[in-house]
Structure formats: C-alpha cells, structure tokens
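Spelled out from the first residue to the last, the chains are:
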Amino acid sequence: MDKILIRGGKPLKGTIPISGAKNSALTLLPCALLTDEPVTLRNLPRLADIDGFQHLMNQFGVSTSIAGARPSDFGRVMTLQATRMTSNVAPYDLVRKMRASILVLGPLLARDGEATVSLPGGCAIGNRPIDLHLKALEAFGAEIELASGYVKASAPKGGLPGGSFTFPVVSVGATENAVMAAVLAKGACELKNAAREPEIVDLCNLLAAMGAKIDGIGSETLTIEGVDRLHGATYRVMSDRIEAGSYACAAAITGGDVTLQHAKADEMGATVAALTEAGVTVEEVKDGLRIAANGKMQAITLTTAPYPGFATDMQAQFMAMLCMAEGSSVLTETIFENRYMHVPELNRMGANIETKGRTAIVHGVEGMTGAPVMATDLRASMSLVIAGLIADGETEVNRLYHLDRGYERLEEKLQLVGADVERVGAD
Ligand code: UD1
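Residues numbered from 1 in each chain as written. Predicted model: local features only at pLDDT ≥ 70, side-chain atom pairs only at ≥ 80, totals over all residues. Heavy atoms only, no water.

A. Main features of the nonpolar core. With 78 residues, the main nonpolar core has Leu34, Leu41, Phe60, Leu191 and Leu207 as its most contacted residues. By residue number, the principal contributor to this core is helix α6 (residues 172–182), which donates six residues. Residues within four places of Leu34 in sequence aside, it is in contact with Pro107, Ala110, Arg111, Met180, Val183, Leu184, Leu207, Met210 and Leu230. Counting residues in hydrophobic clusters, the runner-up holds 73 residues, among them Val280, Ala371, Ile390 and Leu403. (Core = buried A, V, L, I, M, F, W, Y, C linked by side-chain atoms within 4.5 Å. Buried < 20%, exposed > 50% of the residue type's maximum accessible area, 1.4 Å probe, protein only. Helix = DSSP H or I, 4+ residues; strand = E, 2+ residues; numbered from the N terminus. Contact = heavy atoms within 4.5 Å.)

B. Layout of the environment of Lys157. Tracing the sequence through the fold places Lys157 in the loop between β9 (150–154) and β10 (163–166). In the structure, Lys157 is positioned 139 residues away from Ile18 in sequence and 45 Å away in space, judged by C-alpha atoms.

C. Broad picture of helix α12 (residues 378–388). Counting buried residues along α12, 11 of its 11 residues qualify, which places the element largely inside the surrounding structure. Taken as a whole, α12 has its buried residues at Leu378, Arg379, Ala380, Ser381, Met382, Ser383, Leu384, Val385, Ile386, Ala387 and Gly388. Taking the backbone nitrogen of Arg379 as reference, a side-chain oxygen 3.0 Å away marks Asp377 as the first, capping residue of α12. (Polar contact = N/O pair within 3.5 Å; in protein donor to acceptor, adjacent residues only side chain to side chain.)

D. Layout of the sheet that holds β9. Pairing is mixed in the open sheet, where four strands are placed in the order β6-β7-β9-β8. Edge positions in the sheet fall to β6 (89–90) and β8 (143–147), since each has one partner strand and no second. With two bridges joining them, β6 and strand β7 (residues 114–118) adopt parallel strand pairing. Counterpart to Ala90 in the pairing with β7 is Val117. Against the sheet, helix α4 (residues 105–112) engages β7 and β9, with an angle of about 155 degrees to β7. (Pairing = 2+ DSSP bridges. Axes fitted to C-alpha atoms, helices over the stretch in contact; angles between N-to-C directions.)

E. Representation of the domain arrangement of the protein. Assigned domains within the protein: domain 1 (3–18 + 239–424) and domain 2 (22–236). Each of domain 1 and domain 2 was reduced to a C-alpha centroid, and the two centroids are 30 Å apart. Between domain 1 and domain 2 lies a buried interface of about 2000 Å² when both sides are counted; carbon and sulfur atoms form 54% of it. Per-residue buried area on domain 1 facing domain 2 is highest for Arg405, Glu408 and Arg409; these three make up 29% of the total on that side. In this assembly, domain 1 and domain 2 are joined by two salt bridges. (Domains from an automatic or database assignment. Buried area = accessible area lost by both parts, 1.4 Å probe. Salt bridge = Lys/Arg side-chain N within 4 Å of Asp/Glu carboxyl O.)

F. Representation of the site of the ligand in the model. Taken together, 18 residues sit near the ligand, with Asp131, Leu132, Ser171, Asp313 and Ile335 positioned nearest. Within the contact set of the ligand, an oxygen atom lies 3.1 Å away from a side-chain nitrogen or oxygen of Asn23. Between the ligand and the protein, one listed contact pairs an oxygen atom with a backbone N or O atom of Gly173 at 2.7 Å. Contributions of two or more residues to the shell around the ligand are made by α5 (131–139) and α6. Per-element tally for the shell around the ligand: the top contributor is α5, with three residues. Here the shell around the ligand is built from residues that sort into seven nonpolar, six polar and five charged. Inspection of the shell around the ligand shows a minimum of three residues originating in each of domain 1 (3–18 + 239–424) and domain 2 (22–236). (Near = heavy atom within 4 Å. Nonpolar A, V, L, I, M, F, W, Y, C, P; charged D, E, K, R; others polar.)

G. Representation of the sheet that holds strand β23 (residues 394–398) within the structure. Within the open sheet, the four strands sit side by side as β22-β23-β1-β24. Their pairing is mixed. Of all the strands in the sheet, just β22 (372–374) and β24 (420–424) have a single pairing partner and so form its edges. The average angle at which neighbouring strand axes cross in this sheet is 25 degrees, direction not considered. Of the strand pairs in this sheet, strand β1 (residues 3–7) and β23 are connected by four bridges, and their pairing is antiparallel. Along β23, the bridge assignment pairs Leu5 with Glu396. Packing of α12 onto the sheet brings it into contact with β1, β22 and β23, and relative to β23 it is tilted by some 170 degrees.

H. Broad picture of the packing of aromatic side chains. According to the stated counting rule, one finds three aromatic pairs in the structure shown. Aromatic side chains Phe165 and Phe167 sit 5.0 Å apart centroid to centroid with 90 degrees between the ring planes, which places their arrangement in the edge-to-face category. With respect to class, Phe165 is no different from Phe167; both count as buried. The ring of Phe74 has Arg409 sitting right over it, with the charged end atom 4.5 Å from the ring centre. (Phe/Tyr/Trp six-rings, centres within 6.5 Å; stacked < 30°, edge-to-face > 60°. Lys NZ or Arg CZ within 6 Å of the ring centre and 35° of its normal.)

I. Spatial organisation of the pairing of strand β5 (residues 76–81). Burial of β5 is one-sided: the residues Arg76, Met78 and Leu80 facing one way are buried, the residues Val77, Thr79 and Gln81 facing the other way are not. Strand direction decides the pairing type here: strand β3 (residues 39–44) and β5, joined by four bridges, are antiparallel. In the sheet register, Leu41 faces β5, and the bridge partner there is Met78.

J. Quick look at unusual backbone geometry. Put simply, Tyr307 and Pro308 share a cis peptide bond, and its omega is 10 degrees. Even without being glycine, Ser148 reaches a positive phi, approximately 50 degrees. Mapped onto the elements of the fold, Ser148 is located in the loop between β8 and β9. Phi is positive for His262, which is not a glycine, with a value near 80 degrees. With respect to the element layout, His262 can be found in the loop between β15 (257–261) and α9 (269–277).

As structure tokens, this is what we get:
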C-alpha cells in the first residue's frame, strides 16, 4: 500500500488550485437518475469516492462518459445518462465501501417508484444512522420496509403525494435525499430545519437547472413543488471548501503564504473567522483566497455546528494547526461522537492534547516531531499531514486510501507550494 513521506519545516509558498467539492459531487451525481436526458458535471474532482459512485450509477444502467481532461489537469467532466434503468437496487458490496451511496435512495424512488438500498452500516467517526432519511421520505408518502440489511422504499402508483417534514436535528444527507425525492412528487413537499450547507445550495441549483421548482434555497425551509419531468443540464461543481480550509491550515502552520485558487470566502465563513481569530491573514484575491501566517498563532475556542457554524469536517485540521499556537485552544465536537481518533497520533508527534468527552484541549507546543502515523478517517488523515509539514524529521502517513477518497493528488498540490512530500509504494 502506498504511503506519503513528509519532511517538515518548509514554509508553503505559491498557489494551490482547489478542486471541485467531493461532498457536492456525491449529491450531484445521483441527480442524473432523475431524468432520461444527459447531465454533464464539470469540475468533478478525481477521487476514489467519485469513481466508486460512477460504478454504482453504472450498476443501475446509467451510462457514464468522461471527456477530455489531460492527465495533468485537476478535475474532469462527466456526462451521465439514465436513458433506461436496468436496476433500482444498490447492493451491500458497493454501499458498504461508500456511505454516500445512500444518496441514491431518494432519486431512485422518485424515478422508478421503488428503490432497494443496502443499509450503510457503522462508520469510523461514529454511529451514523439514516433514520431521518427514511422519516422524511415517509412524510412525503413513501412506504419503507427494512429487511435483511436493506431498505426498500416504494411510492404509491403515480408518485409520491408530498407532505411536510421537520428535521429534529440538521442532517446534510437526509436533506439531500429528501430534496431529490421531492422534485418529481405529485404534490408539494416542505422541509423544515433543513441543512443549509453550500453543497445543498449546489444540489438545489443543479435541480433548478434541470427544471425543478424549489423555493427557499439556502434557507432552513425548503418548499418543493413536484414537476412531471426533469430535463438534462450542464453544471459546474462548486469548489471544495473543506479542501481549501485544509490547505489554509497547512499554510498557516508552516508560516507560509499561499493563494487558494477558486476558494470562496463566502462559503467558508466560519473557517475564515477561525483563521483570522488565530492571527492568520485571510485576504480575498482575484478568483481565490490568500492565506498568510503572521508569526505565532493564538489559541482559540471552536465548537462544531451545522452550517453556517464551524464545520465538523474542519475540526481535525484546525486541531493540528492549533498544536503550534500560543496558549491552550478548546475544541468541542457536537456533530459526531467519535471524531477524535487523530488525537493519539498527533500526541505521538509531540502534541499536547487532552480529551474529555466531546471536548479537546490543545496546549500549544514549541515543536513537533515526525513519526510513522496512520488515521482512521479522511479528515483525521489530513490533520496528520498538516502536523507532518511542521514536524522535525520525517513523517510517514499510512493508509492513504482515506486521503485518496477526498484530496485530489494531495502530494502534487503540496509540491506546487514547495513542501518536501512524496508518495512512495509499499516496500
Ligand atoms: C455529511 C458529509 C460529511 C460531514 C457531515 C456533517 C457528505 C458525503 N458527507 O455527512 O462529510 O461531516 O455531513 O457536516 O456530504 N443523523 C441522524 N440520523 C440521520 C442522519 C444523520 O441522527 O438519519 C445525525 C448524525 O449521526 C450526525 C448528524 O445527524 O450526528 C449530522 O449528520 P449528517 O449531516 O447527516 O452527515 P452526513 O450527511 O452523513
């Protein structure tokens, strides 16, 4: 298995192109199930998760073709067409590898009146239920059965009648599934306390471009008037705000000065505010954001929350960055119950982090040291890369399949800004 070797201590300088957003792409791809016309997605990141989703779409009989990006380009263009569906079953083998596969449930149900999707099972960052996905679909008139590890959803003849659902807690995935089911409903569907993440706005914008009628885009109440059919569209995937935030932390910890090309400050509000509070300069420049360190960073207090709050997907990277700040930072994780698995690894690199339940106290240290490390999820892996960029000596990051799920050609992007990083094959 490949690993990444990092020899720390080089301030990052230059420009990093930010890719299309993974989490957005994973909800835009299944929209192709909602029409028999072609849907073309531009700026799709080249990631293992996207390849996995493409494979899942092929399994339903959706044709996919990738157009002309050169191997040296970041991103690519994919056209999907669901002219005729050959299956509405998402099998365990595919769903198990990628939790986001559950996002086919709503669109399959809308298109075919029936869908069978394997339950995704547990996940390294906590027990991640899908009860809200199912309750929202039921509120719109779906019948749900659970049997042998599968969810079987069916709609009355003629489609979902519609209805109203209030989320008891904000869920990104459940909002996405419900919106995709609602666009072809017979009547009106209302979602209250819906997630407002920029990726949900991206989803609604693609659906609107396909002819869907959605009111309240970007707000916590979405009202969707079902239409008889949707048509094809060409759409550019938004920039990855989590990838951008990760490289911002990398630049800051190394005392660097980088421009994150295509990053958008308005989609990264809480990340920008946290960087600024820690003493890092964040400046909007043409088509991007400049991130520049200003000497020693200051400790800060952060609590994860649904958008527009501080993203749980940025918690691990900030924790790594704050290891080198002056004073003690306090981080509280409110979204997932088991999302501190990077802490012991960071401590092995010389960090001084204590955890108590959902809170972590990061006592700033003067320096960190390289070590062989591995992580159990995507963002935790990135936090180890960030620490490795400042650590003395060599850091060896193992289990790269996590990073490859969510960071397009990480080592190449870091090399572009002068990091001493290489990917090597297994011995
Ligand atoms: C998405 C993101 C993930 C991010 C998370 C929170 C994708 C592919 N993944 O995950 O990167 O960390 O949002 O911003 O976009 N919950 C329930 N019942 C449900 C669904 C969720 O109780 O049916 C709970 C979860 O356990 C969690 C909280 O709601 O505590 C938020 O989870 P959710 O927003 O659904 O996360 P995902 O959509 O899985």
